[in-house]
Structures are given as C-alpha cells and as structure tokens.
Amino acid sequence: MEKWSLMTITVLLALTVRWAVSLGSYSGAGKPPMYGDYEAQRHWQEITYNLPIRQWYFNTSDNNLLYWGLDYPPLTAYHSFVCAYIAKLINPDWVALHSSRGYESQPHKLFMRTTVFVADLLVYIPAVILYCFSLKETSAKKKASTCALCILLYPGLILIDHGHFQYPLSLGLALWAVLCLSHDWDLLGSVAFCLALNYKQMELYHSLPFFCYLLGKCFKKGLKGKGLVLLAKLAGTVLLSFAACWLPFGTDVEQIMQVLRRLFPIDRGLFEACMFSSPTHCPDKVANIWCSLSVLMKIKNVISPRTQLKLSFAVTFLSLLPACIKLTVQPSLRGFKFTLVSCALSFFLFSFQVHEKSILLVSVPVCLIINEIPFMATWFLLVSTFSLLPLLLKDGLLLAYAVTAPAFLAVCLASFSILEKTSAEDLQLKAFSLSLKGYASWFKSFPRIARSLFLVSLSLMGVLSVLSAAVPPPQGLPDLFPVAVAVVSCLHFLLFLVYFNVVILWDSKNRGQKKMS
C-alpha cells in the first residue's frame, strides 16, 4: 500500500503542475487569421464531425487545406472526431462548420484543456507508472515513485502539451509499446507501436529500433524454428493493425495516396514549412544541423529540394546505422532503449522537415533511462526544454518555463544526486575508457570536467534565456536570440549523439543482455 501512496502523491503533484501550466496562454491565442496549434486541433474536430471521411484530407469548399488542413494519420482524425462529438453535445457552436473558425472562449478552453488531461490520465501517465514499477533496480517503492516523479515533471512535455497545446497520445502509446516489449509481450508491443505510428507519423523516429530489436529476437530464436514463427506473427500483427486503422480509406487508392501526400509533403523542401509566414522570415528556429548550417550558408538557395531530400536521407541513415546494426546483432532491452534515443536524435538532427517540438521524440526515450544515467539524462532534458524557448516565448509561456525548468533540475538533484554520478562508470563509459589505454589518466579527471561542462552549459542557457526574454534584439538582427538558442542547442545535441552512440557501441554483450535496466 505504501508504494501506491507514494505514487499517488507523485501523480497528484504532476497533475497539479499540468493544471497550473494549462491556466496560461496557448498557441496562437487571439492571433488571427491562423491562430495556432490550439485552433488546428479545434478545426480538425470541426472538419471530422461535419464532413464525410472521404473529404477529410481533400481540399474542398468546406475544407480549405491551407487553413490547418489535416496532416496527421487516421488515428488523429478519429480522435478529433470523438472529441468533436463530445464538444457538440456541450456546445454546438464549438464545432459549427465555417462559423466556428477561430472560436475562443473560457468554457471552450476548459474543454480543450480537459481533453489533454484525459489523454494524459488514460494513456501517458499509466504507462510511466507501470514502467517505473517494472524497473528491477527501482523496484523499491521509494525509488519507483522518485523515477516516476522525474519523468512526469519533465518540463518540455508539460509545456508543449498543457501550454502550447498538443496531445500526448502518440508518445504514450509508444511508451506502452516499450513496456510490452520489456515483458516479452512482443505482439501487444507491436500493436501499441502501430497505433502510435498511425496517430503521428513522427513516430517513424522510433520505428527502426523497434524493427531491429524484434528482428534481432527472431534471428536469435532461429529463422528455421521459433524465430520464423515469431516473425510471421509480428508481420501479421503489423498488417492487421494498419489495416484496421486505414480501413475507412482502403476502398479507394486515391484516398490513400492523398492521405500520404498530406503526411509527407516533400515538395515543401528540407525545412519545416512555414506555410503562413513571410517568405523572408520564419519564426520557427529548429535546433538541428540544417537550420544551424543555414546561419552560415542558405542551403535552400544552394541545393535543390530533391537534392536536399537525398542528402537528408543519406546523412540520417548513416548516422543511425551503427546503433541499429548493433541492436539487430545483439538484441537487448537496454540496447533497445539507448538505440531509441540515438535514432530519434539522428532523425531530429538530420532528417527532413523537422519541427522544434520533435525534440520530445528524443526526450521521452531519454526519460526511460534517467535511472541509468541520471547526470546525462537530466542534462539532455534541460537542453531539450531550452531548445523550445523561442516557441514558448511566442506562446506566452515564459513564466511557466522559468518555474518548471529549475524545479525539474532541483527534483533531479535531490532524487539522483546527479552531480555525484559523473564517473566513467556512472556515465556508462567504463568500457570505452578501457579501450583508450593511452588516455586512461585523462579519464581520472573526467568527473570534474563533466561537472564543469554541465555548469557552463547551465549558465549559458540561463543567460540566453534572460536575454531572449528581456532584451530587445538588434534592429538588423531580429532573430539573433532564437538563432543563438537553436545553434547552442544543436551543438549540445551533436555531442549527446556522439555520447549515446559510444555507450551503445562499447556496451558489452553480457551487460546488454540484462532483462531490465
């Protein structure tokens, strides 16, 4: 009973923080004509409720795709329809076709915020709780609740879901998939991940680790026996899951192709499309390699869109290949979780049309290993939240950011004593340090170096946060601070990518075969 009492307190605290953040502003509040992501979600409810399915993804007189047209997979549309059905019962004006565009009121805001809370309570939070209880070395009641508290108080996800406005369903479903695989429920895990992928296509960031881990298990069992049976079951499960999600669209090839065109608009070019902003100014500065390089060289003016796509694909594929090969050859849960991080980070840094919010696809897997590498995980999660700063300032979430980020750091310091977990062994770099025989003496001072770099990083992020919030940029450089935030964050992420790959590639096979880390 005591362990559930501690976990109940943890969940109540996490919900209180979410409620406090939700009282503030949201994306695009009072900013016509496009408003923001809050209006996008409301508009999808309007469209899915009032129009037949065959029109949801097509441009018509009743569905102007230039005004927040649906660009997510079918499960997002079905979820919008369910929310719209409830909204219609409460107040038909909220989803009235055409006339509800840009609708804003306190009752409607309460309804929309509540739908996010419900998604959190039903999908994301239970997955976090069960995951923390399943960790072997955190099975003690106090440590399980401590781990859950750190994960549930991660500010990036709270600020985007309950501030900016977004549903945590795809990440929650992906967490359920990881949880299922940790208990060898491979078919259920496959179903959960297929649902996540059919809710948001960005779950492709996690697809290769799932594929390689399960394929590696099949190889390990032998493709002439149990492995072949498992492979056939997994293939059938994936096909049936996709068929069920796409069934309403499966009767017409043109319907399927139109949905795919909406999901993958490759003609927009390498960068996240700023469809509604001026062609000379994009407010979304993403902390990936392409946006950072564009400070020095305007890539979209030098390389054609088709070449951009090929270059992006090649660099992304090469950066994630070593970790995926290792996972396939030596499938282990520990390797799977670390590969989820490295592959998602490779996608974020190098792939096509990345949004700044996509860093959450890296951060949630990092949360899963916060008990193993608390120092590096906490550092990464703070940087990922910092990388969202320009978006948070645009949404009026400065106060929420200024409170939740330091509070998260304080919780991690108290829970894991992270500044004491900086040795090569604590950072999972023991095997790597042993391979560098000539540099063994350098590793003796590594804990002090790591702590110093961490403090310098925190100071830099703090200074840039204050400058971004309080100091007007130079007249000729209106994007100075957002660009500085993006570049600094990108440099951090590149170093983290190297670190995670080193941990993966130098991990011994025996250690990697642990059932649960």
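Residues numbered from 1 in each chain as written. Predicted model: local features only at pLDDT ≥ 70, side-chain atom pairs only at ≥ 80, totals over all residues. Heavy atoms only, no water.

1. Let's talk about the overall build of the protein
When you go through the protein residue by residue, the secondary structure sums to 24 helices and 0 strands. Here the C-alpha coordinates of the protein stretch approximately 70 × 65 × 60 Å along the principal axes. Taking all 517 residues of the protein together, the buried fraction comes to 55%. Expressed as a percentage of contacts within the protein between residues at least 6 apart in sequence, the contacts between residues at least 24 apart total 78%. (Helix = DSSP H or I, 4+ residues; strand = E, 2+ residues; numbered from the N terminus. Buried < 20%, exposed > 50% of the residue type's maximum accessible area, 1.4 Å probe, protein only. Contact = heavy atoms within 4.5 Å.)

2. A closer look at the pattern of salt bridges
The tally for this structure, following the rule as stated, stands at 10 salt bridges. For Glu372, the salt bridge identified is with Arg334, shortest N-O distance 3.1 Å. Residue Glu372 is found in the loop between helix 16 (360–368) and helix 17 (374–387), and its partner Arg334 is found in helix 15 (residues 333–350); the two are separated by 38 residues along the sequence. Classification of Glu372 by relative accessible area gives buried; the value is 10%. Here Arg334 falls in the buried class, since its relative accessible area comes to 3%. For the salt bridge of Asp507 with Arg334, the shortest nitrogen-to-oxygen distance reads 2.9 Å. Of this pair, Asp507 sits in the loop between helix 23 (480–505) and helix 24 (509–512) while Arg334 sits in helix 15; the two residues are 173 residues apart in sequence, bridging distant segments of the chain. The same class applies to Asp507 as to Arg334, namely buried. Within this structure, Arg334, Lys337, Glu372 and Asp507 form a network of salt bridges that share partners. (Salt bridge = Lys/Arg side-chain N within 4 Å of Asp/Glu carboxyl O.)

3. Some thoughts on the domain arrangement of the protein
Where interface size is given, it is often the accessible area lost as the parts come together that is meant. Assigned domains of the protein: these are domain 1 (167–262) and domain 2 (265–507). Of note, the centres of domain 1 and domain 2, computed from C-alpha atoms alone, are 26 Å apart. Listed per partner, the contact involves 22 residues of domain 1 and 24 residues of domain 2. When residues of domain 1 are sorted by the area they lose upon contact with domain 2, Tyr205, Pro209 and Tyr213 head the list and together hold 35% of the total. Where domain 1 packs against domain 2, one counts 0 salt bridges. Where domain 1 meets domain 2, there are 1 residue pair in polar contact (both at pLDDT 80 or more). Listing elements by their share of the side of domain 1 that touches domain 2, those giving two or more residues are helix 7 (169–182), helix 9 (204–221) and helix 11 (253–263). Partitioning the side of domain 1 that touches domain 2 into residue classes produces 14 nonpolar, 3 polar and 5 charged. (Domains from an automatic or database assignment. Buried area = accessible area lost by both parts, 1.4 Å probe. Polar contact = N/O pair within 3.5 Å; in protein donor to acceptor, adjacent residues only side chain to side chain. Nonpolar A, V, L, I, M, F, W, Y, C, P; charged D, E, K, R; others polar.)

4. Concerning helix 3 (residues 74–90)
An α-helical turn contains 3.6 residues, so any two residues separated by three or four positions project in the same direction. Spanning 17 residues, helix 3 covers 25 Å between terminal C-alpha atoms, matching the ideal 24 Å at 1.5 Å per step. All of the buried residues in helix 3 are Pro74, Leu75, Thr76, Ala77, His79, Ser80, Cys83, Ala84 and Ala87. Packed against the buried residues of helix 3 are helix 2 (37–50), helix 4 (106–134), helix 7, helix 8 (186–197) and helix 10 (226–246). (Expected span 1.5 Å × (residues − 1).)

5. Topic: empty space enclosed by the protein
Scanning the model with the defined rule gives 3 cavities of 30 Å³ or more in all. Counted as a void, the second largest cavity has a volume near 70 Å³. In this structure, the second largest cavity is lined by Leu171, Ala174, Leu175, Val178, His206, Phe210, Leu340, Val364, Pro365 and Leu368. Sorting the residues of the lining of the second largest cavity by element identifies helix 7, helix 9 and helix 16 as the ones contributing at least two each. The element that contributes the greatest number of residues to the lining of the second largest cavity is helix 7, accounting for 4 residues. Residue composition of the lining of the second largest cavity, by class: 9 nonpolar, 1 polar and no charged. Residue-level mapping places the lining of the second largest cavity at the junction of two domains, with at least three residues from each of domain 1 (167–262) and domain 2 (265–507). (1 Å grid on protein atoms, 1.4 Å probe; cavity = no way out; pocket = protein on both sides within 12 Å on 5 of 7 lines; lining within 4 Å. Points joined across faces, edges and corners; volume = space filled by probe spheres on them.)

6. Details of the side chain of His492
Along the chain, His492 turns up in helix 23. Judged by its relative accessible area of 13%, His492 falls in the buried class. At 2.8 Å, the side chain of His492 and the backbone oxygen of Val488 are in polar contact. When neighbours within four sequence positions are excluded, His492 is seen to be in contact with Trp379, Val383 and Ser457.

7. Quick notes on the packing of helix 17 against helix 23
A packed helix pair is summarised by two numbers, namely the angle formed by the two axes and the spacing between the axes. Put simply, helix 17 and helix 23 touch, their axes get as near as 9 Å, and they point 150° apart. Relative to helix 23, helix 17 is oriented roughly antiparallel. Judged by the twist between their axes, the crossing of helix 17 over helix 23 is left-handed. Residues Met376, Trp379, Phe380, Val383, Ser384, Phe386 and Ser387 of helix 17 form the contact with helix 23, whose own contacting residues are Val485, Val488, Ser489, His492, Phe493, Phe496, Tyr499 and Phe500. Grouping the amino acids of the contact of helix 17 with helix 23 by side-chain chemistry returns 11 nonpolar, 4 polar and no charged. (Axes fitted to C-alpha atoms, helices over the stretch in contact; angles between N-to-C directions. Parallel < 35°, antiparallel > 145°, perpendicular 65-115°, else oblique. Left-handed = near helix turned anticlockwise from the far one by under 90°.)

8. Here's the deal with the nonpolar core
Ranked by size, the top nonpolar core spans 123 residues in total, and within it Phe380, Phe493 and Phe500 carry the most contacts. The element best represented in this core is helix 15, accounting for 12 residues. Both domains that meet at this core, namely domain 1 (167–262) and domain 2 (265–507), each give it at least three residues. Phe380 has contacts with Leu345, Ile359, Val362, Ser363, Val366, Phe493, Phe496 and Phe500, leaving out every residue within four places of it along the chain. Membership of the second largest hydrophobic core comes to 37 residues, among which are Ile47, Cys83, Ala174 and Val259. (Core = buried A, V, L, I, M, F, W, Y, C linked by side-chain atoms within 4.5 Å.)

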